[in-house]
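One-letter residues, chain by chain:
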Amino acid sequence: MECDAKELAKALTRARDFLGSSLSNPALKCFRFEGRFVEAADYDLAAKLNLPEGLDFKAPVLVPGAECQAIVAKLSGRVTVEADEKAVRIADGGSKFRLATMASGGFPAFPAEPAKYAPAPLVCQAVKAVKAFAGDPKRTQIYAGVRIDDDQVIAGDEKFRALCVARMPAQTGIQAIVGMSFANLFATSAEDTELGCDGRRLFLRSADGVVCGPTIEGRYADYRKATAGYQLPDVFTFKHQDLKEAIEKIVVLAKDDPTEETGITRAIFTFGEGRMTLASSVGAHEARAELAAQGSGSGCLHLNVALISNWVRSAKCDSVTMSCNIRSPRVIRFTGQAELSDGRAMDLTVYVCPMIPAAKEKPGEEKD
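Asker: It is not clear to me how the overall build of the protein chain should be interpreted in this structure. Could you clarify?
Answerer: Scanning the protein chain from terminus to terminus reveals seven helices and 25 strands. Burial analysis of the protein chain (368 residues in total) assigns 49% to the buried set. Long-range pairs, those at least 24 residues apart, make up 63% of the contacts in the protein chain with a sequence separation of at least 6. Counting every atom, the protein chain has about 18400 Å² of accessible surface; 48% of that belongs to carbon and sulfur.

Here it is, written out as structure tokens:
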């Protein structure tokens, strides 16, 4: 058998990301070659990827995955591949390699694919936009992933202190919760990707092949009812680009509040008289940025600026709105859109709970 070295290296490099690391099952560290496919799997994710033209294994063989990928990555031009029950031999014009095969008994069979797939670019964009809002896996399994709810994709922590909702202009017919390891695959998916579900697993299919991962079982709280109950009469509008630039400036000094959980970054949002001021500080250092804001009323909010920054980067539109209840600011809502390459737009909304100011900081108080 003969194929192009670069095309083979491309397939094996992607397959390498799915290799397992189980000490009790060495087969999970292997590639499985059969027919025109290479497979790699662990106990959660699995991939069945297309091999380049010219390769067609008549019988299944297992070889150490990391070593096989490292070898092929160094080859160039045309390569020849020979396989039998004892070894796989790979060579280019000036080098030859021999990899001993391994017993295939412990390698998991790739699951049967669903009969129906649907175009997935919208879902991929939505998952990429919301996944930063998923909860801590140390606290909960259900909220440590992303929920696909037909025409919406949601991520939030177990108490909905931060919740991001991407509403798509088309229905998917899929109801599932996926873990973050599989959700991360959506961010790198190609435009031709299709999505399928058999109830227990999600499948992503593209010209490169198929990858799959398990869904998470459990009851997800009724986020639609929770968000519908918020009364947010005070609305402020900003230019998206102005808000993005202001956050990019102050997030450099976003403060780690020792009274909060590790990793929470905080900034103070002060609004009134047609302006919004953002401020963050670390020790004696302070960053401030202003932008125009249309709306009435004034107030001061302490918000997780890292999450808002993720939302602002995902949104692509002319203007965004911030809605709250100034008298009782329990929840803040930011609303915008993510414009897609095909001309459609996806509504993108984030709900965040304001943070409690540190005892030494009063709302609106400026440092000398």
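Past the structure itself, the notes keep going.
Asker: What's the story with the nonpolar core in this structure? I'm lost.
Answerer: Soluble globular proteins tend to pack their nonpolar side chains together in the buried interior. By size, the foremost hydrophobic cluster in this structure holds 93 residues, and its most contacted members are Phe31, Phe33, Phe269 and Phe334. Sorting elements by how many residues they give to this core places helix α3 (residues 121-130) first, with seven residues. Beyond its immediate stretch of four places on either side in the chain, Phe269 contacts Met276, Thr277, Leu278, Gly299, Cys300, Leu301, Leu303, Val305, Ile308 and Phe334. Ile154, Val165, Ile216 and Tyr351 belong to the second-largest nonpolar core, a separate cluster that totals twelve residues.

Asker: Looking at this structure, how should I read empty space enclosed by the protein?
Answerer: Over the atoms rolls a probe the size of a water molecule, and in doing so it shows where empty space is left. Evaluation of the coordinates by the stated rule reveals one cavity of 30 Å³ or more. The volume enclosed by the largest cavity comes to roughly 50 Å³. Lining the largest cavity we find Leu8, Phe33, Leu55, Phe57, Val81, Val88 and Ile90.

Asker: How should the sheet that holds strand β9 (residues 118-119) be read in this particular structure?
Answerer: Working definition: the strands of a sheet are paired by backbone hydrogen bonds and lie parallel or antiparallel to each other. Spatially, eight strands are ordered β5-β2-β3-β4-β16-β15-β14-β9 in an open sheet, and the strand pairing comes out antiparallel. Unpaired on one side and paired on the other, β5 (57-64) and β9 mark the two borders of the sheet. Where strand β4 (residues 46-50) lies against strand β16 (residues 209-214), four bridges are found, and the strand directions are antiparallel. Paired with Ala46 across the strands is Cys212, a residue of β16. Against the sheet, helix α2 (residues 65-73) engages β2 (30-35) and β5, with an angle of about 100 degrees to β5.

Asker: I tried to follow the packing of aromatic side chains on my own but got confused; where do I start?
Answerer: Centre distance and the angle of the planes are the two values used to describe a pair of aromatic rings. Per the counting criterion, the structure on display carries four aromatic pairs. Between Phe33 and Phe57, the aromatic rings sit 4.9 Å apart at their centres with planes inclined by 25 degrees, giving stacked as the arrangement. Placement of Phe33 in strand β2 and of Phe57 in strand β5 is noted, with a sequence separation of 24 residues between them. Centroid distance Trp311 to Phe334: 5.8 Å. Interplanar angle 50 degrees. Geometry classified as tilted. Here Phe334 lies in strand β24 (residues 332-339) and Trp311 lies in helix α7 (residues 305-314), a separation of 23 residues in the sequence. Judged by its relative accessible area of 0%, Phe334 falls in the buried class. What links up through ring pairs into an aromatic cluster is the set Phe31, Phe33 and Phe57. Geometry around Phe37 places Lys48 over its ring, the cationic atom sitting 4.8 Å from the centre. The ring of Tyr117 has Arg205 lying over it, and the distance from NZ or CZ to the ring centre is 3.8 Å.

Asker: Mind showing me how you'd approach helix α6 (residues 240-250) here?
Answerer: For the α-helix, the turn length of 3.6 residues means that residues three or four positions removed from each other point alike. Of all the residues in α6, the buried ones are His240, Leu243, Ala246, Ile247 and Ile250. Across the axial projection of α6, the buried residues extend over an arc of 135 degrees, all falling on one side.

Asker: Looking at this model, I keep getting lost on unusual backbone geometry. Mind explaining?
Answerer: For residues other than glycine, phi is negative in most cases, and the peptide bonds are mostly trans. One non-glycine residue, Asp150, lies in the positive phi region at around 60 degrees. Mapping Asp150 onto the fold places it in the loop between β10 (145-149) and β11 (152-156).

Asker: Where do I start with the packing of α6 against α7 in this structure?
Answerer: Packed helices, taken two at a time, are described by the angle their axes make and the gap between the axes. For the pair α6 and α7, interaxial distance at closest approach is 10 Å and the crossing angle is 140 degrees. Relative to α7, the element α6 is oriented oblique. The handedness of the crossing between α6 and α7 comes out as left-handed. Residues His240, Leu243, Lys244, Ile247 and Ile250 of α6 touch α7, and the partners they reach there are Val305, Ile308, Ser309 and Val312. For the contact of α6 with α7, the residue count by class is six nonpolar, two polar and one charged.

Asker: For this particular structure, what's the right way to read the environment of Glu286?
Answerer: On the secondary structure map, Glu286 appears in strand β21 (residues 285-292). Taking relative accessible area as the criterion, Glu286 reaches 38% and is therefore assigned partly exposed. In this structure the C-alpha to C-alpha distance between Glu286 and Val252, which are 34 residues apart in sequence, comes to 9.8 Å.

Asker: So what exactly am I meant to see when it comes to the pattern of salt bridges here?
Answerer: Oppositely charged side chains can pair when the atoms bearing their charge come close. Using the criterion set out here, one finds twelve salt bridges in the structure. A salt bridge links Lys58 to Asp56, with the nearest nitrogen and oxygen atoms 3.9 Å apart. The exposure class of Lys58 is exposed, given its relative accessible area of 76%. The class for Asp56 is partly exposed, based on a relative accessible area of 32%. Here Asp198 makes a salt bridge to Arg201, at a shortest N to O gap of 3.6 Å. Relative accessible area serves as the criterion here: at 34%, Asp198 is assigned to the partly exposed category. It is possible to trace a salt-bridge network through shared partners that takes in Arg32, Glu34 and Glu39.

Asker: I keep staring at the side chain of Ser206 and nothing clicks. Help me out?
Answerer: Structurally, the position occupied by Ser206 is in strand β15 (residues 201-206). Excluding residues within four positions of it along the chain, Ser206 makes contact with Arg14, Asp192 and Thr193.

Criteria and cut-off values
Residues numbered from 1 in each chain as written. Predicted model: local features only at pLDDT ≥ 70, side-chain atom pairs only at ≥ 80, totals over all residues. Heavy atoms only, no water. Helix = DSSP H or I, 4+ residues; strand = E, 2+ residues; numbered from the N terminus. Buried < 20%, exposed > 50% of the residue type's maximum accessible area, 1.4 Å probe, protein only. Contact = heavy atoms within 4.5 Å. Areas by Shrake-Rupley, 256 points an atom, 1.4 Å probe, with all protein chains shown as cover. Core = buried A, V, L, I, M, F, W, Y, C linked by side-chain atoms within 4.5 Å. 1 Å grid on protein atoms, 1.4 Å probe; cavity = no way out; pocket = protein on both sides within 12 Å on 5 of 7 lines; lining within 4 Å. Points joined across faces, edges and corners; volume = space filled by probe spheres on them. Pairing = 2+ DSSP bridges. Axes fitted to C-alpha atoms, helices over the stretch in contact; angles between N-to-C directions. Phe/Tyr/Trp six-rings, centres within 6.5 Å; stacked < 30°, edge-to-face > 60°. Lys NZ or Arg CZ within 6 Å of the ring centre and 35° of its normal. Arc of directions from axis to C-beta. Parallel < 35°, antiparallel > 145°, perpendicular 65-115°, else oblique. Left-handed = near helix turned anticlockwise from the far one by under 90°. Nonpolar A, V, L, I, M, F, W, Y, C, P; charged D, E, K, R; others polar. Salt bridge = Lys/Arg side-chain N within 4 Å of Asp/Glu carboxyl O.

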